[in-house]
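A look at the structure
Residues per chain, in single letters:
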There are 2 protein chains.
Amino acid sequence: MRVTIKDIAREAGVSTAAVSKALNGQPDIGETTRLRIIRISRELGYTPNMIARNLVTKGNKTIGVLIPDISTPIYPRIYKGINETAMKYGYTLLLGDTKRSIESEKKYIMTMMENRVAGLLVSPVSNDISHIVQVVRGQIPIIYFGGKVNDAMQNSIGIDNYHGAMLAVDYLTGLGHKDIIMICDDLDTKTRHDRVDGYTEAMKRKGLKPLVVFNNEGLKGRQCGVSAIRHIIAGRTLPTAVFALNDLMAIGAMEALSEAGIQVPEAVSVMGYDDISFASLPMIGLSTIWQPKFKTGEMALELLHKKLQDDPVTEDRKIVLQPELRIRTSTCRI
Amino acid sequence: MRVTIKDIAREAGVSTAAVSKALNGQPDIGETTRLRIIRISRELGYTPNMIARNLVTKGNKTIGVLIPDISTPIYPRIYKGINETAMKYGYTLLLGDTKRSIESEKKYIMTMMENRVAGLLVSPVSNDISHIVQVVRGQIPIIYFGGKVNDAMQNSIGIDNYHGAMLAVDYLTGLGHKDIIMICDDLDTKTRHDRVDGYTEAMKRKGLKPLVVFNNEGLKGRQCGVSAIRHIIAGRTLPTAVFALNDLMAIGAMEALSEAGIQVPEAVSVMGYDDISFASLPMIGLSTIWQPKFKTGEMALELLHKKLQDDPVTEDRKIVLQPELRIRTSTCRI
DNA sequence: ATGAAAGCGCTAACAG
DNA sequence: CTGTTAGCGCTTTCAT
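This one's a predicted model, so the numbers in the text were calculated from it and none came from an experiment.

1. Regarding the overall build of chain A
Looking only at helices and strands, chain A features twelve helices and twelve strands. The C-alpha radius of gyration computed for chain A amounts to 26 Å, which surpasses the reference 20 Å derived for 334 residues by more than 25%, pointing to a less compact arrangement than a globule. With respect to the principal axes defined by its C-alpha atoms, chain A has extents near 90 × 40 × 30 Å. For chain A, with 334 residues in total, the buried portion stands at 54%. Residue pairs in contact within chain A that sit at least 24 positions apart in sequence constitute 70% of those at least 6 positions apart. Surface exposure of chain A reaches about 14,300 Å², of which carbon and sulfur atoms provide 53%.

Following this line, the structure appears as structure tokens:
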């Protein structure tokens, strides 16, 4: 059995109430007894039982975090931001990897609720979050973040994908490119929509004709990039620049291009989106749009913390962070 | 206030004990009352309070996980293994990113103890774990894993680095290489020692002269690889193969080689260790030693689970997992 | 300044 | 079968 305040009380010849007071720095306890109690508790190797304490104080410094897949190039950085800020405010994190499965997500939400977390930070697996809302029932605050965030989510940290895509196009046109194709897997999420819309709008504003090539085989990531480029090579004169929905697709595009003996960036510039960790390796050197990942995590926890502090009915807020251009060697002046 | 069994009891006109029994599927309760209680609990939207339950049952299905840095190419995969197995056994995970700081590690250990986790999975920040042992005082089981695991750690999941390095050398010599240099940052951990020893022993067995080039500028990762190769180029005839302590260093080596106009693998073969996520990208194509990362996580939790099940005094166990060769395009026959 | 008592939400004997 | 009672480890009035 672990040592409890009862043990300390017995040892010190005082009541448990006295021990509690001494240990929590309350004023209504004599200085000498306090010191003695503290000394004894140290001698006995006492570790406070937060669980028991929280039961009575109804305070709880644990926050649940739900992430679709921690082994991606994106989420670990976000988690770092969350973790760092959590330490700052003294929160403990319960992390669940939902494996991009609604089933798993639902299960985790239940577990978190049962474990009485104070709030939830979730990067949803799908656009539809009704199963989450249904279980949580407004009992604790939730902040949403990540790729599936959409306007229907009340409290969220988003990134301005529309603006990010425009940044990419403006940079490319500034380099003299006119024939810029965007390659995309599908239009599944608001993130994708925004990037495509930003590309389209930016092209129009420059008086250029936008062309988005979608993949209809259900491919994602690198494979999707490879396949898209192969299709383009087969059916059309090459564009001077390719803007990919994300870095993984861009890398796939570079692979397909080099496989066909086409020089990057001399013949075709390639631009990605996300700035995943290895985009900056010299061997890859992918020009891309950087996302404030760490900051996303920070803000998510910051916002949750605010909601936990204020009176329960804080107004809902959406925070939108701005992406930035990262120029490397996969793009060049035409 | 959230709904409690008291609310259900009142609503159903029974005692809280009856509710508890009904909800926990105990036999000594009438089938009709059970059904009614369950229906009401559902209507009221009851979520069991695990915290309170654990206080009385003294059971706890939460496990603390400490990782030096979740935003690396290695740990996320290990965490996946832990997470998956945790779900299987119904454990919830408290994750702490210790940022490779002893300070932070100590703090997390405290928090975990206060939150009364059932056990701990830790990938220590340093070889010295006395601060951990001191706080935990054998009160709960700990399983160690990761790069700093050494023979002093009683319960651990390790990977056979000695054997892994031999695998690399044997493969390289099989390709006809005789002049194989190993590059290493320092000899800080047992992992590093084992890899260097494995390399040295394998070379000797083939009747070849081992040569390990250390970096004395305190560099790590890619920069260290770059610097090591530059030194070698400056001071010595080129070896036909370079075996790097880890993939990041290998990638740095490839960078430095290509910067000097030396073809990989035609002029020099490069071999890494770890098989980090992007080693397999065609643009990198690094031959390396794969580590069972996911499995490490699985086994760690599995072992902890075993210790949690058995009588507390289970014998201590060390598990050693075997690495495997991954051949790609950075190495070739001489 | 200190302690007795009540109670957080729940389970576990033990009676009835 | 069902309810009463006690108590997990801790905090918090409220007396003393």
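2. So, the domain arrangement of chain A
Considered domain by domain, chain A is made up of domain 1 (1–47) and domain 2 (161–291). The C-alpha centroid of domain 2 of chain A is placed 65 Å from the C-alpha centroid of domain 1 of chain A.

3. As for the pattern of salt bridges
Under the counting rule described, the total for this entry stands at 45 salt bridges over all chains. Between Lys99(A) and Glu84(B) there is a salt bridge; the shortest N-O distance is 3.5 Å. In this pair, Lys99(A) sits in the loop between β2 (92–97) and α6 (102–114) while Glu84(B) sits in helix α5 (residues 75–89), so the two residues belong to two different chains. In this structure, Asp275(A) and Arg328(A) form a salt bridge, with 2.3 Å as the shortest nitrogen-oxygen distance. Taken together, the residues Asp275(A) in the loop between β9 (269–271) and β10 (288–290) and Arg328(A) in the segment after β12 (324–326) connect sequence positions 53 residues apart. Looking at Asp275(A), the relative accessible area reads 12%, which means it is buried. By relative accessible area, Arg328(A) is classed as partly exposed at 21%.

4. Here's the deal with the pairing of strand β4 (residues 142–145) of chain B
Side chains on a regular strand alternate between the two faces of the sheet. All names here are of chain B. Where burial is concerned, the two faces of β4 agree: the one with Ile142 and Tyr144 and the one with Ile143 and Phe145 are both buried. Strand direction decides the pairing type here: strand β3 (residues 119–122) and β4, joined by three bridges, are parallel. Residue pairing across strands places Leu120 opposite Ile142, the latter belonging to β4. With helix α7 (residues 130–136) bridging β3 and its parallel neighbour β4, the resulting β-α-β unit is right-handed.

5. Digging into the pairing of strand β1 (residues 62–67) of chain B
All names here are of chain B. Burial analysis of β1 places six of its six residues in the buried class, the great majority of the element. Side chains of β1 alternate between two faces, with Thr62, Gly64 and Leu66 and Ile63, Val65 and Ile67 buried alike. With six bridges connecting them, β1 and strand β2 (residues 92–97) associate as parallel partners. Each residue of the ladder has a partner; that of Leu66, found in β2, is Gly96. Summarising the sheet, β1 and β3 pair through four bridges and their orientation is parallel. Across the sheet, Gly64 pairs through a bridge with Leu120, a residue of β3.

6. Digging into the protein's contact with DNA strand C
Of all residues adjacent to DNA strand C, which total 28 residues, the nearest are Lys21(A), Asp28(A), Gly30(A), Ile5(B) and Tyr46(B). Taking the atoms of DNA strand C that fall within 4 Å of the protein, sugar and phosphate contribute 68% of them. Take Lys21(A): an N or O atom from its side chain is 2.4 Å from a base oxygen of DNA strand C. Within the side chain of Asn24(B), an N or O atom sits 3.1 Å from a phosphate oxygen of DNA strand C. Those elements that place two or more of their residues in the surface near DNA strand C are α2 (16–23) and α4 (50–57) of chain A together with α1 (5–12), α2 (16–23) and α4 (50–57) of chain B. The leading source of residues in the surface near DNA strand C is α4(B), at four residues. Of the residues contributing to the surface near DNA strand C, the split by class is 13 nonpolar, nine polar and six charged.

7. A look at the relation of the copies chain A and chain B
Note on the copies: chain A fits chain B at an RMSD of 0.1 Å, the axial shift is 0.0 Å, and the rotation between them is 180°. The superposition of one copy onto the other is thereby described by a two-fold rotation axis. Taking C-alpha positions as the reference, the residue of chain A nearest the rotation axis is Leu94(A), at 2.3 Å. Interface overlap between copies: 100% of the residues of chain A at the interface are likewise at the interface in chain B, consistent with a symmetric, same-surface contact.

8. Some thoughts on α5(B)
For the α-helix, the turn length of 3.6 residues means that residues three or four positions removed from each other point alike. The end-to-end C-alpha distance of α5(B) is 21 Å, a good match for the 21 Å that 15 residues give at a rise of 1.5 Å each. Most of α5(B) sits out of view: eleven of its 15 residues are buried.

9. Quick word on the sheet that holds strand β7 (residues 211–214) of chain B
Residue and element names in this part refer to chain B. The sheet built from four strands is open, its strands ordered β7-β6-β8-β9 with parallel pairing. Here the strands that pair on one side only, and so sit at the sheet edges, are β7 and β9 (269–271). Pairs of neighbouring strands in the sheet enclose a mean axial angle of 25°, with direction left out of account. Strand direction decides the pairing type here: strand β6 (residues 180–184) and strand β8 (residues 241–244), joined by four bridges, are parallel. Each residue of the ladder has a partner; that of Ile181, found in β8, is Val242. Contacts from helix α11 (residues 247–259) reach β6, β8 and β9 within the one sheet, and its direction differs from that of β9 by about 160°.

Cut-offs and rules
Residues numbered from 1 in each chain as written. Chains lettered and ligands numbered in written order. Predicted model: local features only at pLDDT ≥ 70, side-chain atom pairs only at ≥ 80, totals over all residues. Heavy atoms only, no water. Helix = DSSP H or I, 4+ residues; strand = E, 2+ residues; numbered from the N terminus. Rg over C-alpha atoms; globule rule 2.2 N^0.38 Å. Buried < 20%, exposed > 50% of the residue type's maximum accessible area, 1.4 Å probe, protein only. Contact = heavy atoms within 4.5 Å. Areas by Shrake-Rupley, 256 points an atom, 1.4 Å probe, with all protein chains shown as cover. Domains from an automatic or database assignment. Salt bridge = Lys/Arg side-chain N within 4 Å of Asp/Glu carboxyl O. Pairing = 2+ DSSP bridges. Right-handed = clockwise from strand over helix to strand, strands pointing away. Near = heavy atom within 4 Å. Polar contact = N/O pair within 3.5 Å; in protein donor to acceptor, adjacent residues only side chain to side chain. Nonpolar A, V, L, I, M, F, W, Y, C, P; charged D, E, K, R; others polar. Least-squares fit on C-alpha atoms with pLDDT ≥ 70 in both. Expected span 1.5 Å × (residues − 1). Axes fitted to C-alpha atoms, helices over the stretch in contact; angles between N-to-C directions.

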